[in-house]
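Listed below are the residues making up each chain.
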Amino acid sequence: MSSENSSDEARHVWDVVVVGAGPGGASAAYAAAVAGRSVLLLEKADLPRYKTCGGGIIGPSREALPPGFELPLQDRVHAVTFTLDGRFARTRRSKQTLFGLVNRPEFDQRLVEHAQKAGAELRTGATVTRVEQHGPAVPDRRTVAVVLSGGETLLARAVVGADGSASRIGAHVGVKLGQVDLGLEAEIPVPPTVAEDWKGRVLIDWGPLPGSYGWVFPKGDTLTVGVISARGEGAATKRYLEDFIARLGLAGFEPGISSGHLTRCRADDSPLSRGRVLVCGDAAGLLEPWTREGISFALRSGRLAGEWAVRIAESHDAVDARRQALNYAFAVKAGLGVEMSVGKRMMAVFERRPGMLHAALTGFRPAWKAFTRITRGTTTLGEVVRTHPVAGRLLSSMNR
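The rules we used
Residues numbered from 1 in each chain as written. Predicted model: local features only at pLDDT ≥ 70, side-chain atom pairs only at ≥ 80, totals over all residues. Heavy atoms only, no water. Helix = DSSP H or I, 4+ residues; strand = E, 2+ residues; numbered from the N terminus. Buried < 20%, exposed > 50% of the residue type's maximum accessible area, 1.4 Å probe, protein only. Pairing = 2+ DSSP bridges. Core = buried A, V, L, I, M, F, W, Y, C linked by side-chain atoms within 4.5 Å. Contact = heavy atoms within 4.5 Å. Axes fitted to C-alpha atoms, helices over the stretch in contact; angles between N-to-C directions. Parallel < 35°, antiparallel > 145°, perpendicular 65-115°, else oblique. Left-handed = near helix turned anticlockwise from the far one by under 90°. Nonpolar A, V, L, I, M, F, W, Y, C, P; charged D, E, K, R; others polar.

1. Some remarks on the environment of glutamate 196
Alright, step 1. Mapping glutamate 196 onto the fold places it in helix α5 (residues 192-198).
Alright, step 2. For the pair glutamate 196 and arginine 239, spaced 43 residues apart in the sequence, the C-alpha separation amounts to 27 Å.

As structure tokens, then:
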């Protein structure tokens, strides 16, 4: 009797095992499940669970959602107030919605539910310690062993690592990081009068540390207030958040949650696969280097990872599996990689000249228009630079 037909569940071979049930993992599980494959989605925490994240849903995120997915929006943003370390405030408004705001526990939960409806099986409380593609736990070359913390071993034809920025699957693949930042965030309940003042409006503050910025995202009776800066400036980043909250007049309100999180951007030559194992989202270091926006990158790379994991699961030898993995890497680099490349150039300019970017967004109409089109999803940062020669030349000159 073959392992697939064995009554021993430990020898059951899944077509695809996805590790991590955030946006990237849920998207990968959904994509593989709608293709008719057997999919197991593993999550170490119980769902729903809190995630340090502003929760901004821009156009590319909406376009990558499963059909019929209803966003659990807490607010729709029509205005942005920009400040430069608390000074030179200017609010720009739009008749159309710029982007939406969600609470990550509810958003992630709904994504998982869509994956389950498509046929994926969810297992929470499952911590993956390692994956093995060779050795006694692996019955043949078409199989990957996924080892859990309790010693249990699961078998799969393909594995997708979506287990966050400290990914164990990413370590197996050999993901290399080029930029690491520390984000600190507070969820601050506020009275109705304060909440009304922020409704439909976010604040973005270009911060005092190189490459830093802060944000206020309104979500009903709670304000998500956070800052981000390069790792290694922990004390200064904490002071920035404290000063930012005090400056906003919010120091008198007790945060419901205070948390921190490291964001990690991949190096240009970082791998996205190893054998029959793919990585996506934060596990692959895929996020926009300037804004550190990661939800759209997780959703889009997760969908691609799920689609190519199906092809890898169908591969009968290492050569074909390798070919499909390379196709996945090409698809990621051709889209998300281009956006990341431009984002790195923007970050280099922002670190040196935040005042110039502030002036452009608040006083130069084409820059504001580009911002609105990017957030709505009608264009990308890469497309703006590629299709507008003036923008490309300006960015190159500022880089120099």
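Right, picking up where we left off after that structure.
2. With respect to the pairing of strand β15 (residues 222-230)
Alright, step 1. In terms of residue burial, β15 counts as a mostly covered element, since 8 of its 9 residues are buried.
Alright, step 2. Taken together, the 9 bridges between strand β12 (residues 177-189) and β15 define a ladder with antiparallel strand orientation. Residue proline 189 lies in a different strand from β15, and its bridge partner there is threonine 222.
Alright, step 3. What sits between the antiparallel neighbours strand β14 (residues 213-219) and β15 is a turn of 2 residues, in which glycine 220 has the positive phi angle 70°.

3. Quick word on the sheet that holds strand β3 (residues 56-57)
Alright, step 1. Strand order in this open sheet of 3 strands is β3-β7-β4, and the pairing throughout is antiparallel. Of all the strands in the sheet, the pair left with one neighbour each is β3 and β4 (73-77).

4. Describing the nonpolar core
Alright, step 1. Counting residues in hydrophobic clusters, the biggest one holds 69 residues, and the most contacted among them are Val17, Leu42, Phe107, Val146, Val159 and Tyr328.
Alright, step 2. Here this core takes 10 residues from helix α7 (residues 295-314), the largest share from any one element.
Alright, step 3. Ignoring any residue separated from it by four or fewer positions in sequence, one finds leucine 42 in contact with Val17, Val18, Val19, Gly20, Ala21, Arg123, Ala126, Val128, Val146, Leu148 and Leu154.
Alright, step 4. Counting residues in each nonpolar core, the second largest holds 26 residues, with Ile58, Leu84, Leu98 and Ile228 among its members.

5. Examining the packing of helix α1 (residues 23-34) against helix α3 (residues 104-117)
Alright, step 1. At their nearest, the axes of α1 and α3 sit 8 Å apart, and the two run at 15° to each other. Our classification of the angle between α1 and α3 gives roughly parallel. Considering how the two elements wind past one another, α1 and α3 form a crossing that is left-handed. Taking contact as the criterion, the partners of Pro23, Ala26, Ala29, Tyr30 and Ala33 in α1 are, on α3, Arg104, Phe107, Asp108, Leu111, Val112, His114 and Ala115.
Alright, step 2. Residue composition of the contact of α1 with α3, by class: 9 nonpolar, 1 polar and 2 charged.

What is shown is where atoms sit, not what they do.
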